[in-house]
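Residue-level listing of the chains:
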Amino acid sequence: MSQIAAALGETDTLRRARQAVQKADAWVKQWTVKQLDGELEIEGIKEEIDSSEKRLYGGSVRNPKELGDLQAKVFSLRRLLEQKEDQLLEIMMTLEEAEAAQESAHLCLQQAKADWQRAQSTLQAEKSELENQLAAAERGRQALLDHISPDDLAIYRSLRKAKGGVAVAVMLNKACTACGMEVPQGRISRGLEAGFLTCGNCERILVPDQEKSHALPS
Ligand SMILES: [Zn+2]
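What you are looking at is a predicted structure, and each value in this text was computed from that prediction instead of being measured.

To continue, consider the overall build of the chain. Looking only at helices and strands, the chain features five helices and three strands. When the helices and strands of the chain are placed in sequence order, the string is α-α-α-α-β-β-α-β. Considering only C-alpha atoms, the chain reaches an extent of 135 × 30 × 25 Å along its principal axes. Burial statistics for the chain: of 218 residues in total, 7% are counted as buried. Intrachain contacts of the chain at a sequence separation of at least 6 include 67% that bridge at least 24 residues.

Laid out in structure tokens, this is it:
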């Protein structure tokens, strides 16, 4: 149950997929802004060319020096416009790449989420199955406890503490299976008669093999 508790919650795969989406989104945003900036800049240059050409061909400017300057300005603006349009084209291509990467990152995240949800529901099912088993074991333990005298239980508990968690051993072929020591026949007879047999060596409670119980209270 503690393993399941540790496995429940966000996995590394899901975290990485989420991070990839964030990165891809940021990339798209960055290049979208660049594209908008580029478009605005191009628009500004076009307007400037427009107004310069109006002055150049409008007839209001007659001074040849001024006309020559205007012509040179329009020429250099057109060259700048060409450069900016080339740059914008590159930006648009990068943006397309970014959008493709964004789409695949989102798909990966979707897949990771679906996988994660499936795994989580399996884990949840395992968890409730274990909880049921635990509750059943708890009920079985309680049912056994009800039939054991408080004195016997106190001995059992202190033995369990003193003997590394194992208070009861099976006696097989007249020997304690916990420490291996043979149990004398006299001790066996007295113990069985009293309904309480212990090992003379390790002091554990002995249960003859045929009476071996698999559900012992703690
Ligand atoms: Zn023993």
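There is more to say, and it comes next.
Our focus in this paragraph is the nonpolar core. One finds A167, A169, M171, C176, A178, V183, L197, C199, I205 and L206 forming the largest nonpolar core, which totals ten residues. At the level of elements, β1 (168-172) and β3 (205-208) are the ones that each hand at least two residues to this core. Residues in contact with A167, not counting those within four places in the same chain, are Y156, L159, R160, R204 and I205.

Pairing is mixed in the open sheet, where three strands are placed in the order β2-β1-β3. Both edges of this open sheet fall to β2 (175-176) and β3, since each of them pairs with a single strand only. Two elements, β1 and β2, share two bridges in a ladder whose sense is antiparallel. Paired with L172 across the strands is A175, a residue of β2.

Okay, the packing of helix α2 (residues 12-58) against helix α3 (residues 64-145) next. Viewed as axis vectors pointing N to C, α2 and α3 meet at an angle of 160°, and their least axial separation amounts to 7 Å. In this view, α2 runs roughly antiparallel relative to α3, as classed from their interaxial angle. In this structure, the crossing between α2 and α3 has a hand that is left-handed. Split into classes, the residues belonging to the contact of α2 with α3 amount to 29 nonpolar, ten polar and 15 charged.

So, about unusual backbone geometry. At K174, a position not held by glycine, the phi torsion is positive, near 60°. Structurally, K174 can be placed in the loop between β1 and β2. Taking the number of C-beta atoms within 10 Å as the measure of exposure, K174 has 14 and is therefore partly exposed. For E203, which is not glycine, the phi torsion reads 75° and is therefore positive. Mapped onto the elements of the fold, E203 is located in the loop between α5 (185-194) and β3.

Bringing the domain arrangement of the chain into the picture now. Once the domains are mapped, the chain shows domain 1 (2-144) and domain 2 (150-211). Distance from the C-alpha centre of domain 1 to the C-alpha centre of domain 2: 73 Å.

Rules used in this analysis
- Residues numbered from 1 in each chain as written.
- Predicted model: local features only at pLDDT ≥ 70, side-chain atom pairs only at ≥ 80, totals over all residues.
- Helix = DSSP H or I, 4+ residues; strand = E, 2+ residues; numbered from the N terminus.
- Buried ≥ 20, exposed ≤ 12 C-beta atoms within 10 Å, placed from the backbone.
- Contact = placed C-beta atoms within 7 Å.
- Core = buried A, V, L, I, M, F, W, Y, C linked by C-beta atoms within 7 Å.
- Pairing = 2+ DSSP bridges.
- Axes fitted to C-alpha atoms, helices over the stretch in contact; angles between N-to-C directions.
- Parallel < 35°, antiparallel > 145°, perpendicular 65-115°, else oblique.
- Left-handed = near helix turned anticlockwise from the far one by under 90°.
- Nonpolar A, V, L, I, M, F, W, Y, C, P; charged D, E, K, R; others polar.
- Domains from an automatic or database assignment.

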